[in-house]
Each structure stands twice: as structure tokens, then as C-alpha cells.
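One-letter residues, chain by chain:
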Amino acid sequence: MHRMIIDCDPGHDDAIALILAHRHADVVGITAVAGNAPLEATAANALAVTAALGVDTPVIAGADTSLLGVAKDARIVHGESGLGGVTLPRHDRALAGGHAVDFLLEASDPDTWIVAIGPLTNVALAIARDPTWPTRIAGISIMGGSTDNGNVTATAEFNIYADPEAAARVFRCGAPLIMCGLNLTHQLPVDDAVLGRVRQIDTPAGKLATESFTFLLDRLDSLTGTRRASLHDPCAVLAVTHPELLDTESCTVTVELAGEHTRGMTVVDRRSRSGVEAHVDVGVRLASEEAMALVEGALAGE
Ligand code: RIB
Ligand code: CA
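Residues numbered from 1 in each chain as written. Chains lettered and ligands numbered in written order. Predicted model: local features only at pLDDT ≥ 70, side-chain atom pairs only at ≥ 80, totals over all residues. Heavy atoms only, no water.

A. Region of the structure containing empty space enclosed by the protein. With the rule as written, the count across this model stands at one cavity of 30 Å³ or more. Roughly 60 Å³ of volume is contained in the largest cavity. As for the largest cavity, its lining consists of Ala 34, Gly 35, Asp 64, Thr 65, Ser 66, Val 70, Ala 71, Lys 72, Pro 119, Thr 121, Ala 162 and Asp 163. For the lining of the largest cavity, the residue count by class is five nonpolar, four polar and three charged. (1 Å grid on protein atoms, 1.4 Å probe; cavity = no way out; pocket = protein on both sides within 12 Å on 5 of 7 lines; lining within 4 Å. Points joined across faces, edges and corners; volume = space filled by probe spheres on them. Nonpolar A, V, L, I, M, F, W, Y, C, P; charged D, E, K, R; others polar.)

Take a look at the structure:
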């Protein structure tokens, strides 16, 4: 099993990613970052999800704003708590001491994948603290960006939009990088048919997913008129645990920081150019049915 640290901002799809990762990987730690909701909420949600799973994975809190000191959230999608509609268990778990950046630097080794499924602030701060760190980990699997449209603006995806400076730093850090952008994650959709199957799964994870999907489908129906949600973050886990489910292209990726209309855009250059190292494996196709079967299996504890 791959050794991994998950940097996240739970968030409903983060919660499903945590369930999937605990089933198929050796999760040595969870670092929380502000994103879908403020840090206090995302850290508490990460603790509650581990309690629901009955695992004692350490949860360490990290950055509560972007590198520029700006806090953007997605509570319009995930609700005020970040896990709207989900009844979380009462528990006695507490955050581990210290800061997420220290944990990322100290708990990782050459076999450790960093699965980054929220804004990239913690990861960027770790790189700034130790620029050699990216050469001493297995790689970074990022849910973020897109090869086509964004979801916060026409060009920017939320995890990048929330901290573009951090994302720019991560994309040029030198570690092996996998990018699971919206172009890929939209290939792992949840609709009422999926909800109907998940509702039959009689486990704590199945209940959490049922409540999550019910909330997300209702919320996205009211926001977009369509009862469809994407399981974004689980894709970044599968990219490490089941790479055979993804087709990737080796590209260069830069993050737009100054564009009036394009700030936070991942500029994915798919051209092959001599003398230019294509340094990011960008997911372009997902074996959707197999991926969803693994998600549903993990919810069932299979
Ligand atoms: O744009 C999708 C990403 O933003 C996912 O990580 C979701 O959890 C939100 O953080
Ligand atoms: Ca997330």
C-alpha cells in the first residue's frame, strides 16, 4: 500500500477521499487547510470523519488563509460547516499538536505521496521552508485546476483560485506531480442513481456518503439546475492507488496570477517542445465505472 499524507479541506468530496484512502493506502497523517470552510471547520470535519471511520490517523491543522492572507471559501456548495447535511458522530478525538507544515516536512519520506485536495497553502509553505523537500517525497497528487473550464470563474478551479500563489509555487517545485483537474474529475459524477445505490450501504461510511450526496445534489440542483455532483477529491487518491484507471498526458503547467479574468487559471501546455521539460502528469481520461465501483466498495468496507 502506498504511504500517503492527505492535505485537505473537508468538504464532502474530501470526506469520500479520506474514506477511499483509508481503504486503499497507508494514511500516516491528515493535514487540514482552510478552503471549503474556515480552518476550524475543516480540521474539525477531518477529525469527525476519522472518528466515524474508527481510525486514529493524526489530524494536524495548518494554514487558515492564503499566502496573501486572503480566505476564500466554498460554503455556498458545502454549507456553513463544510459538511452540510451530515450527522457527524460525537467523539473524543483531538487535533495533534504542531502545525501542518512541520508534519508534512517531518512525517514524509521518499515513499510518501502528498495527496493535496484543498488549496495548496500548506504544501507551498512546506516547500518554502525546505526547497529540497520535493526531491525527498514520492510525489504530489493534486486535485486542482483544469485543462478547460473552471468552477469559480470561467477559467479558475476553486483549489487553485483560493491560493494561486501557493499553487504556482507547487507546480514549479520539482516533485513528481499528478494533476487531477475538473476535466478529469467531472468523469466521476454522483447523481440520483449513485445515491440510490449508496443509500443501500449499511455502514458508517455509507451513511456519511448518503447524507453527503443528498446534500450536494440538493444544493447543486438549486445552484445550477442540475442534480449532478462530481467526486473531485477521490480522483487524486485513485491517481496514486489505482494509476491504471487514469490516462495522463505529460504537460507543463503554470498558474496565471495577474490576469484580470484568468487569475487562478492552470495554463496547461500540451505541446511537446524541445528543451522544455513537461513536468506534470495531467489526467485526461478516467475509467469512470471502475473508479465509482472502488468508491462504493470502500463505503461498504470492501
Ligand atoms: O473544485 C473542487 C475542489 O474544491 C474540491 O477539492 C472540493 O473539495 C473543493 O475544495
Ligand atoms: Ca477539497
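After presenting the structure, the write-up continues.
B. Inspection of the coordination of the calcium ion (ligand 2) at higher detail. The protein atoms donating to the calcium ion (ligand 2) are Asp 9 (OD), Asp 14 (OD), Asp 14 (OD), Ile 117 (O) and Asp 233 (OD), with metal-donor distances spanning 2.2 to 2.6 Å. Between the donor residues of the calcium ion (ligand 2), the gaps in sequence give the motif D-x4-D-x102-I-x115-D. On the basis of relative accessible area, Asp 9 is assigned to the buried category, the value being 1%. Given a relative accessible area of 0%, Asp 14 falls into the buried group. (Donors = N, O, S within 2.8 Å, 3.2 Å for Na, K, Ca; no water. Buried < 20%, exposed > 50% of the residue type's maximum accessible area, 1.4 Å probe, protein only.)

C. Looking closely at the environment of Ile 142. With respect to the helices and strands, Ile 142 occurs in strand S5 (residues 139–143). A C-alpha to C-alpha distance of 10 Å links Ile 142 and Val 240, two positions 98 residues apart in sequence. Residues contacting Ile 142, with those up to four places away along its chain left out, are Ala 116, Leu 120, Val 170, Phe 171, Leu 177, Ile 178, Met 179, Cys 180 and Ala 236. (Helix = DSSP H or I, 4+ residues; strand = E, 2+ residues; numbered from the N terminus. Contact = heavy atoms within 4.5 Å.)

D. Representation of helix H12 (residues 288–299). In this model H12 runs 17 Å from its N-terminal to its C-terminal C-alpha over twelve residues, within 8% of the 16 Å that 1.5 Å per residue would give. Of all the residues in H12, the buried ones are Ala 291, Met 292, Leu 294, Val 295, Glu 296, Gly 297, Ala 298 and Leu 299. Buried residues along H12 sit against helix H1 (12–24), strand S7 (189–190), helix H9 (192–198), helix H10 (204–224), helix H11 (232–241) and strand S11 (280–286). Phi turns positive, to about 80 degrees, at Gly 301, one or two residues after H12. (Expected span 1.5 Å × (residues − 1).)

E. Just a nonpolar patch on the surface, in detail. There is a patch of nonpolar side chains on the surface, built from Leu 67, Leu 68, Val 70 and Leu 125 and spanning about 310 Å² of accessible area. Take Leu 68: it is sitting in the loop between strand S3 (59–61) and helix H3 (75–78). (Patch = residues over 30% accessible without salt bridge, like charges linked within 9 Å, V, L, I, M, F, W, Y side chains within 5 Å. Areas by Shrake-Rupley, 256 points an atom, 1.4 Å probe, with all protein chains shown as cover. Salt bridge = Lys/Arg side-chain N within 4 Å of Asp/Glu carboxyl O.)

F. Focus on the site of ligand 1. Asp 9, Asp 13, Asp 14, Asn 36, Ile 117, Met 143, Asn 151, Glu 157, Phe 158, Asn 159, His 232 and Asp 233 make up every residue found near ligand 1. Asp 9 places a side-chain nitrogen or oxygen 3.0 Å from an oxygen atom of ligand 1. Within the side chain of Asn 36, a nitrogen or oxygen atom sits 3.0 Å from an oxygen atom of ligand 1. Taken by itself ligand 1 offers 270 Å² of open surface, and the protein chains cover 97% of this. Of all the secondary-structure elements, those providing two or more residues to the shell around ligand 1 are H1, helix H6 (158–161) and H11. Class assignment for the residues of the shell around ligand 1 results in three nonpolar, four polar and five charged. (Near = heavy atom within 4 Å. Polar contact = N/O pair within 3.5 Å; in protein donor to acceptor, adjacent residues only side chain to side chain.)

G. Up close: the packing of aromatic side chains. Inspection of every chain in the model, using the stated rule, returns zero aromatic pairs. Taking NZ or CZ as reference, Lys 72 lies 5.1 Å from the ring centre of Tyr 161, over its face. (Phe/Tyr/Trp six-rings, centres within 6.5 Å; stacked < 30°, edge-to-face > 60°. Lys NZ or Arg CZ within 6 Å of the ring centre and 35° of its normal.)

H. Examining the state of the cysteines more closely. One pass over the structure, following the stated rule, counts zero disulfides. Free cysteine Cys 173: the closest other cysteine sulfur is in Cys 180, separated by 15 Å. In this structure Cys 180 is a free cysteine whose sulfur lies 5.9 Å from that of Cys 235, the closest cysteine sulfur available. Judged by its relative accessible area of 0%, Cys 180 falls in the buried class. (Disulfide = S-S within 2.5 Å.)

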